[in-house]
Amino acid sequence: MTQYIIRRLIYSVFIIWGCATIVFFLLRLVPGDPVASMLGHEYTPEAAAQLRHNLGLDKPIYVQYVTWMGNALHGNLGKSIDTQESVSGQIKIAFPKTLSITILAFIFGTIVAVPLGVLAALRRGSVFDFVASVSTFVGISLPTFWFGIVFILIFAVQLRWFPSVGYVQPSDGVMPWLKHLFLPALAAGVGEAAILMRFVRAGLLEVLGSDYIRTARAKGLPERKVILTHAMRNSMIPVVTVAGLSLAGLLGGLVITETVFAIAGIGRLLTGAIFAKDYPIVQGVILVITLFFVLANLAVDILYTFLDPRIRYG
Amino acid sequence: MADQNPAKPVTADPLADQRLNERLASLGDEQRMAQGSRFVRRIRAEKKAFLGLIFVVFLAFVSIAGPILAPYGADNVNFDQLAAPSLHHPMGTDSFGHDLFSRVILGTRVSFTVGIVGALAAMIIGVTLGIVAGYYLGWIDNLIMRIVDLIWAFPAIVLAMGLVSIYGAGEKNVILAIALGNMVAFSRIVRGEVLRLREADFTLAAKSIGVRDWRIMLRHLLPNIAAPIIVQMTLTVGFGILTETGLTFLGLGVDPTIPTWGQALNESRNFIHQAWWLAVFPGIAIGFTVLSLNLMGDGLRDALDVHNVSDA
């Protein structure tokens, strides 16, 4: 198992290096002159030369690559063209907002999905199972940002229970903070719950049909015990994997949802930077999101080996 | 001694032989027809797939006949602005005075086209890479699958936004983003299937009589792995539509002058306190479309007995 984990770690380093390389070339792939594209109407030959120098684009490509990688390793992702502030500084301000919504959405999704999925599996073929199944289909078929708009419409505009947009720091009070996070997290959590619920139901159904469950029932164990201690423990292993991966998926989905709620997280930072052609920020944000994605995958894989001792990796 | 020559006539009567051959040939046809009707029966028995198929056909019709079905033109602004749903405007009007019902109908075409073309491109690239990787193995497989792993590492929407940041917004670039983001799933599925079939008797037999590699891949392997590809294709059109509406919503997708669902939702944010209908109806259109495709994909997966296609 240690060998597997080491191999997996080395592979993740390769993937991260590969992604960083792709992100490095992002700016160089811009058709025509990226500097002219960034400057737009403010283009003068002098300003272009200056910007080219600031971005290091006047050096040979291999020097640019080594310098960029070296800087990225030290957490230096360059400066924003618009504001001249450091990219990593801006990401540091934006990322906690996105991460707090992601975690809250993950909690919402799991709280809803696990019990409903279990109930649907136990009452297979019932009206409840049918309604749950239809709901999961609807949940994965609608865009997260639409749930955001509809929740604003219901809970903020009509009922006035929550603020419709914006974000406050937790230092300004935990309750106002949670109130601002509630609707975006709920919107992001719907899709997450739908996916997770399908896996919980399918996983439990598969386990319930196995021999050891029949044995447990045959020896007269109460049904509660059969489900909770025998079936659930095994059926939850793949669910942990899906849940772990969806944590990273949620982060990706929030890129759009943040715009609905006007929360200045990394999604809005990225969208704004794309409009402003502020490439250092685009590069930095994509790199950070991808890094999170790869690390979440790695964590899930490693967790899996501990959760399921039956699995042996060759 | 047993007859060693299969070409030798079975009977002495040449006419009887011909009849026998005809009968055998028609048996093959009957078998194929029986397989075909079993497929149709399975689809019909699988209610989800059947329902999804009916919805998808209906939506395809709406997307083609949109301009005839829509009561008003896309640019007709001769109505009250932000009027609530009524008999004349079943979905109300937007801030410019467009009839929203007409715009939602006309939006079907854009989303459908972008989703289908994007998914088709993803399928062609992904299947080609997967089949080549699985068939040749060795360094070719290693190279292809490492590239696939790299693309897999980017969340789909982030990859799409990265591409749009390079090449700009617009229909073509959204299609490119959908193709690139979704091809990896096809590659992985197809490679797995090819690995299973590359040592199968029919592949080895074809190789032993000197059939060329590309022909084995195209004529022998591809038809045998069609089922998971069809299922994945159906689901990918849905993902593609979600990507398109998401990007268009952000203003990074299809040209804002064309009526689209994403654009309508984007506008709805500015009038959320006055006009709920702007947010609700385009969203229902997206949901209904993607739901139909998901139902069809999921049902086909059960009907065709495919297990290895990723879940949404």
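The next subject is the overall build of chain B. Scanning chain B from N- to C-terminus turns up 11 helices and 0 strands. In chain B, the succession of helices and strands from N to C terminus is α-α-α-α-α-α-α-α-α-α-α. Within chain B, contacts between residues at least 6 apart in sequence are counted, and of these 70% link residues at least 24 apart.

Let's shift gears to the overall build of chain A. From N to C terminus, chain A includes 12 helices and 0 strands. In sequence order, chain A lays out its α and β elements as α-α-α-α-α-α-α-α-α-α-α-α. Dimensions of chain A along its principal axes, counting C-alpha atoms only, are 85 × 55 × 35 Å. When each of the 314 residues of chain A is scored for burial, the buried share is 39%. Pairs at least 24 apart in sequence give 71% of the contacts found in chain A among residues at least 6 apart.

Running from N to C, helix α6 (residues 127–141) of chain A and helix α11 (residues 276–303) of chain B point in directions that differ by 120°, and their axes come no closer than 8 Å. One finds that α6 of chain A runs oblique with respect to α11 of chain B. In this structure, the crossing between α6 of chain A and α11 of chain B has a hand that is right-handed. Here Phe137, Val138, Ile140 and Ser141 of chain A of α6 of chain A come into contact with α11 of chain B, specifically with Gly287, Val290, Leu291, Asn294 and Leu295 of chain B. Grouping the amino acids of the contact of α6 of chain A with α11 of chain B by side-chain chemistry returns 6 nonpolar, 3 polar and no charged.

This part takes up the nonpolar core. Within the largest apolar cluster, 163 residues are counted, with the highest numbers of intra-cluster contacts made by Leu196 and Val285 of chain A. The biggest single contributor to this core is helix α3 (residues 100–136) of chain B, with 18 residues. Here leucine 196 of chain A is in contact with Gly109, Thr110, Ala113, Val239, Val242, Ala243 and Ser246 of chain A, once residues within four sequence places are set aside.

Counting residues at the interface gives 36 residues for chain B and 38 residues for chain A. Counting only elements with at least two residues in the side of chain B that touches chain A, the list comes to α4 (138–152), α5 (156–167), α9 (226–250), α10 (261–268) and α11 of chain B. For the side of chain B that touches chain A, the class distribution of residues is 24 nonpolar, 9 polar and 3 charged.

This part is about helix α11 (residues 266–276) of chain A. Most of α11 of chain A sits out of view: 8 of its 11 residues are buried. Considered for burial, the residues of α11 of chain A that qualify are Ile266, Gly267, Arg268, Leu269, Leu270, Thr271, Ala273 and Ile274 of chain A. Contact partners of the buried residues in α11 of chain A: α5 (87–122), α10 (223–260) and α12 (279–307) of chain A together with α5 and α9 of chain B. Taken from the residues just after α11 of chain A, lysine 277 of chain A is the one with a positive phi, measuring 55°.

We now examine the environment of leucine 186 of chain A. All names here are of chain A. If you trace the backbone, leucine 186 turns up in helix α8 (residues 174–208). Accessibility expressed as a C-beta count within 10 Å gives 21 for leucine 186, which makes it buried. A C-alpha to C-alpha distance of 12 Å links leucine 186 and serine 100, two positions 86 residues apart in sequence. Aside from chain neighbours lying at most four places away, what touches leucine 186 is Phe108 and Phe151.

Next up on the list: the packing of α4 of chain B against helix α6 (residues 171–197) of chain B. All names here are of chain B. Packing of α4 against α6 leaves a shortest axis separation of 9 Å and a crossing angle of 135°. Here α6 runs oblique to α4, going by the angle between their axes. The way α4 lies across α6 gives a crossing that is left-handed. In this structure, α4 contributes Val148, Ile151 and Trp152 to the contact, and α6 contributes Leu180, Val184, Ser187 and Arg188. When the residues that make up the contact of α4 with α6 are grouped by side-chain class, the tally is 5 nonpolar, 1 polar and 1 charged.

The next point concerns the confidence of the model for chain B. The predicted coordinates ought not to be read in detail in places where the model reports low pLDDT. Residues and elements named next belong to chain B. For chain B, per-residue confidence averages 81 on the pLDDT scale, and residues scoring 70 or more make up 83% of the total. Element-level pLDDT for chain B is lowest in helix α1 (residues 14–45), with a mean of 56, against a maximum mean of 91 in α3. Interface confidence in the predicted complex, given as ipTM, is 0.85; pTM for the same model is 0.84.

All names here are of chain B. Positionally, glycine 118 belongs in helix α3. With 172 residues separating them in the primary sequence, glycine 118 and valine 290 have C-alpha atoms 15 Å apart. Excluding residues within four positions of it along the chain, glycine 118 makes contact with Ile175, Ile178, Ala179 and Gly240.

Bringing α3 of chain B into the picture now. Residue and element names in this part refer to chain B. Between the first and last C-alpha of α3 there are 53 Å, a value that for 37 residues agrees with the 54 Å anticipated at 1.5 Å per step. Burial analysis of α3 places 29 of its 37 residues in the buried class, the great majority of the element. Positive phi appears at leucine 137, one or two residues downstream of α3, with a value of about 50°.

Let's shift gears to the environment of isoleucine 263 of chain A. Residues and elements named next belong to chain A. Position of isoleucine 263 relative to the elements: it lies in the loop between α10 and α11. By C-beta crowding, isoleucine 263 is classed as buried, having 22 other C-beta atoms within 10 Å. Sequence separation between isoleucine 263 and valine 168 is 95 residues; the distance between their C-alpha atoms is 9.4 Å. Excluding anything up to four places from it in sequence, isoleucine 263 contacts Lys97, Tyr167, Pro184, Glu258 and Arg268.

Criteria and thresholds
Within any chain, residue numbers begin from 1 and follow the written order of that chain's sequence. Written order decides the labels, with chains lettered from A and ligands numbered from 1. Side-chain atom pairs in this predicted model are given and counted only at pLDDT of 80 or more, local residue features only at pLDDT of at least 70, and totals for whole chains, interfaces and linings cover all residues. The numbering of helices and of strands both runs from the N terminus, where a helix is a DSSP run of H or I of at least 4 residues and a strand a run of E of at least 2. Contacts here follow a simple rule: the backbone-placed C-beta atoms of the two residues must lie within 7 Å. Once C-beta atoms are placed from the backbone, each residue is buried if 20 or more other C-beta atoms lie within 10 Å of its own, exposed if 12 or fewer, and partly exposed for counts between those two. Note on geometry: axes are lines fitted to C-alpha atoms, helical ones only across the stretch in contact, with angles between N-to-C directions running from 0 to 180 degrees. An angle counts as roughly parallel when it lies under 35 degrees, as roughly antiparallel when it exceeds 145, as roughly perpendicular when it falls between 65 and 115, and as oblique in every other case. The handedness criterion is simple: a crossing whose near helix is rotated anticlockwise from the far helix by less than a right angle is left-handed, and one whose near helix is rotated clockwise is right-handed. Throughout this entry, Asp, Glu, Lys and Arg are counted as charged residues, while Ala, Val, Leu, Ile, Met, Phe, Trp, Tyr, Cys and Pro are counted as nonpolar. The remaining residues, Gly among them, count as polar. Think of a nonpolar core as buried Ala, Val, Leu, Ile, Met, Phe, Trp, Tyr and Cys residues, each tied to the set through C-beta atoms within 7 Å. The predictor's confidence in any single residue is recorded as pLDDT, a number from 0 to 100. By this rule the span expected of a helix is its residue count minus one, scaled by 1.5 Å.

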